[in-house]
Amino acid sequence: MHKLIRNTKRFIRNEDGIATAWAVGWLILCFALAGLSIDATNAWKTKQILQTTADMAAHAGGLELGNVSNEGIEAAVTASANEYAMLNMGAERYGDVLVDSDIEVGYWNSGTQVFTEMAPTDINPPRAVRVVTRQDGVNSSKVGTFFLRFVGFDAFTVSTESI
């Protein structure tokens, strides 16, 4: 029994192999920092692409405003906005970043900076289109991570809006 206690004390005081434990700790910290820099940059890049797609889709939908009467305006705007969103961010890679419920036709008040959705009974022609593009994991993929996955963070959810 005395030999077991002596061997245990010697094992506890022995510092051989401490560099491995120290290196593993630093490796985890480096992965976390690399994840913050690389994965956050990728999420920011994806947000910029989503913003460009939202701008293109809102503009394409806005071009339809003067071409169709109020009864068919929402269908024409939705078709045009979806077409341009699909050209910019294909569904095979990104999923459906623009769903029909995220396309609204209405009015923009430049004084108050407020968008108001058109009611079905409105007789005034709409003058604005609001589009929300997103990668949130519902209809589209989330923005996945590579390094942050090692510390337990799997994906970013990103959305943008354009009027």
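Throughout what follows, the structure given in this document is the object of discussion. (Residues numbered from 1 in each chain as written. Predicted model: local features only at pLDDT ≥ 70, side-chain atom pairs only at ≥ 80, totals over all residues. Heavy atoms only, no water.)

### Topic: the sheet that holds strand β2 (residues 114–117)
Okay, so step 1: Read from one edge of the open sheet, four strands run β2-β1-β3-β6, paired in antiparallel fashion. Whereas interior strands pair on both sides, the edge strands pair on one side only; in this sheet they are β2 and β6 (158–162). For this sheet, the mean inter-axis angle between neighbouring strands, taken without regard to orientation, is 35 degrees.
Okay, so step 2: Bridge count between strand β1 (residues 103–109) and β2: four bridges; the pairing is antiparallel. Bridged to Tyr107 within β2 is Thr116.
Okay, so step 3: In the packing of helix α2 (residues 18–63) onto the sheet, the strands contacted are β3 (128–135) and β6, and the crossing angle to β6 comes to about 30 degrees.
Okay, so step 4: Running over the sheet, helix α3 (residues 73–88) touches β1 and β3 and is turned about 105 degrees from β1. (Pairing = 2+ DSSP bridges. Helix = DSSP H or I, 4+ residues; strand = E, 2+ residues; numbered from the N terminus. Axes fitted to C-alpha atoms, helices over the stretch in contact; angles between N-to-C directions. Contact = heavy atoms within 4.5 Å.)

### Section: the pairing of β1
Okay, so step 1: Among the seven residues of β1, five are classified as buried, and the element is accordingly described as predominantly covered.
Okay, so step 2: Judged from the four bridges that link them, β1 and β3 form a sheet pairing that is antiparallel. Its bridge partner being in β3, Ile103 is matched across the sheet by Val131.
Okay, so step 3: Between β1 and β2, which pair antiparallel in sequence order, lie four residues; one of them, Gln113, sits at a positive phi of approximately 60 degrees. (Buried < 20%, exposed > 50% of the residue type's maximum accessible area, 1.4 Å probe, protein only.)

### Remarks on the environment of Asn109
Okay, so step 1: Tracing the backbone shows Asn109 in strand β1.
Okay, so step 2: A relative accessible area of 39% means that Asn109 is categorised as partly exposed.
Okay, so step 3: Side-chain polar atoms of Asn109 contact the backbone nitrogen of Gly111, separated by 2.9 Å. (Polar contact = N/O pair within 3.5 Å; in protein donor to acceptor, adjacent residues only side chain to side chain.)

### Side note on the pattern of salt bridges
Okay, so step 1: Per the counting criterion, the structure on display carries three salt bridges.
Okay, so step 2: Across the salt bridge formed by Arg134 and Asp102, the nearest N and O atoms sit 3.1 Å from each other. Of this pair, Arg134 sits in strand β3 while Asp102 sits in the loop between α4 (91–94) and β1, and the two are 32 residues apart along the sequence.
Okay, so step 3: According to the relative accessible area criterion, Asp102 is buried, its value standing at 13%.
Okay, so step 4: Taking the shortest distance from any N to any O, the salt bridge between Glu161 and Arg130 comes out at 3.9 Å. Taken together, the residues Glu161 in strand β6 and Arg130 in strand β3 connect sequence positions 31 residues apart.
Okay, so step 5: Three or more residues are tied together by salt bridges with common partners; here these are Glu104, Arg130 and Glu161. (Salt bridge = Lys/Arg side-chain N within 4 Å of Asp/Glu carboxyl O.)

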